[in-house]
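So you can see what is in the structure, the chains are spelled out below.
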Amino acid sequence: MDIDLPDVLAEVTAQFARYEQALVSNDVAVLDELFRNDARTLRYGIAENLYGYGEITAFRAARSPAGLTRKTARTVITTYGRNTAVASTLFSRDGAPGRIGRQMQTWVRFPEGWRIVAAHVSIIDEPKVLQPKVLAT
């Protein structure tokens, strides 16, 4: 299997950037477009478990557009073959100091384009950096 084919990686990276822009600007139409319209599409959120495209779009329609700005870090996108990819990123919001968000998405190429078929979002306390132990000699 070919991992991270440059053209496929560029395609998914562009779709991930499109998703991120739609998320922070509350472009619900684009967010809805990028999730696969299928009863098997899943999104586990911070306070919700959404099963199927209908629940995901209903959540987006009801969500407040306030406080969506965020910064991402350590984004990793890996493609597997020509039709599957996983995108992972950390995110932070100014309104939630000391907290770090984690987001993972599984993307699949369909005839209509790249779509998210599974997503997970969670927020945790920002981990403390572990200091290496100094060994006595």
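Above: the structure in question.
Residues numbered from 1 in each chain as written. Predicted model: local features only at pLDDT ≥ 70, side-chain atom pairs only at ≥ 80, totals over all residues. Heavy atoms only, no water.

**Things to note about a nonpolar patch on the surface**
Thinking step 1. On the surface, a nonpolar cluster with roughly 360 Å² of combined accessible area is contributed by Met 1, Ile 3 and Tyr 80.
Thinking step 2. By the secondary structure assignment, Tyr 80 is in strand 3 (residues 71-80).
Thinking step 3. With a relative accessible area of 33%, Tyr 80 lands in the partly exposed category. (Patch = residues over 30% accessible without salt bridge, like charges linked within 9 Å, V, L, I, M, F, W, Y side chains within 5 Å. Areas by Shrake-Rupley, 256 points an atom, 1.4 Å probe, with all protein chains shown as cover. Salt bridge = Lys/Arg side-chain N within 4 Å of Asp/Glu carboxyl O. Helix = DSSP H or I, 4+ residues; strand = E, 2+ residues; numbered from the N terminus. Buried < 20%, exposed > 50% of the residue type's maximum accessible area, 1.4 Å probe, protein only.)

**Some words on the side chain of Thr 89**
Thinking step 1. With respect to the helices, strands and loops of the structure, Thr 89 is situated in strand 4 (residues 84-92).
Thinking step 2. Relative accessible area serves as the criterion here: at 3%, Thr 89 is assigned to the buried category.
Thinking step 3. A polar contact is formed between the side chain of Thr 89 and the backbone oxygen of Ala 73, at a distance of 3.3 Å.
Thinking step 4. Excluding anything up to four places from it in sequence, Thr 89 contacts Phe 16, Thr 72, Ala 73, Arg 74, Thr 75, Gly 101, Arg 102 and Gln 103. (Polar contact = N/O pair within 3.5 Å; in protein donor to acceptor, adjacent residues only side chain to side chain. Contact = heavy atoms within 4.5 Å.)

**Considering helix 1 (residues 6-24)**
Thinking step 1. Under the 1.5 Å per step criterion, the end-to-end length of helix 1 is 27 Å for 19 residues, consistent within 8% with the ideal 27 Å.
Thinking step 2. Every buried residue belonging to helix 1 is among Val 8, Val 12, Gln 15, Phe 16, Tyr 19, Glu 20, Ala 22 and Leu 23, and all of these are buried. Projected onto a plane normal to the axis of helix 1, the buried residues spread over an arc of 165° and lie on a single side.
Thinking step 3. Packing partners of the buried residues in helix 1 comprise helix 2 (28-34), helix 3 (53-62), strand 3, strand 4, strand 5 (99-110) and strand 6 (113-125).
Thinking step 4. Of the residues trailing helix 1, Asn 26 is marked for its positive phi of about 55°. (Expected span 1.5 Å × (residues − 1). Arc of directions from axis to C-beta.)

**Side note on the sheet that holds strand 3**
Thinking step 1. Ordered in space as 2-1-6-5-4-3, the 6 strands form an open sheet in which the pairing is mixed. Strands at the two margins of the open sheet, each flanked by one partner only, are strand 2 (49-51) and strand 3. In this sheet, neighbouring strand axes are inclined to one another by 10° on average, regardless of whether the strands run parallel or antiparallel.
Thinking step 2. Where strand 5 and strand 6 come together, 12 bridges link them in antiparallel fashion. The partner of Gln 105 across the bridge, within strand 6, is Ala 119. (Pairing = 2+ DSSP bridges. Axes fitted to C-alpha atoms, helices over the stretch in contact; angles between N-to-C directions.)

**Notes on the side chain of Arg 43**
Thinking step 1. Counting through the fold element by element, Arg 43 comes out in strand 1 (residues 42-44).
Thinking step 2. Residue class for Arg 43 comes out buried when judged on its relative accessible area of 7%.
Thinking step 3. Within polar-contact distance, the side chain of Arg 43 engages the side chain of Glu 48 at 2.6 Å.
Thinking step 4. Excluding residues within four positions of it along the chain, Arg 43 makes contact with Phe 35, Glu 48, Asn 49, Leu 50, Ile 56, Phe 59, Arg 60, Ala 119 and Val 121.

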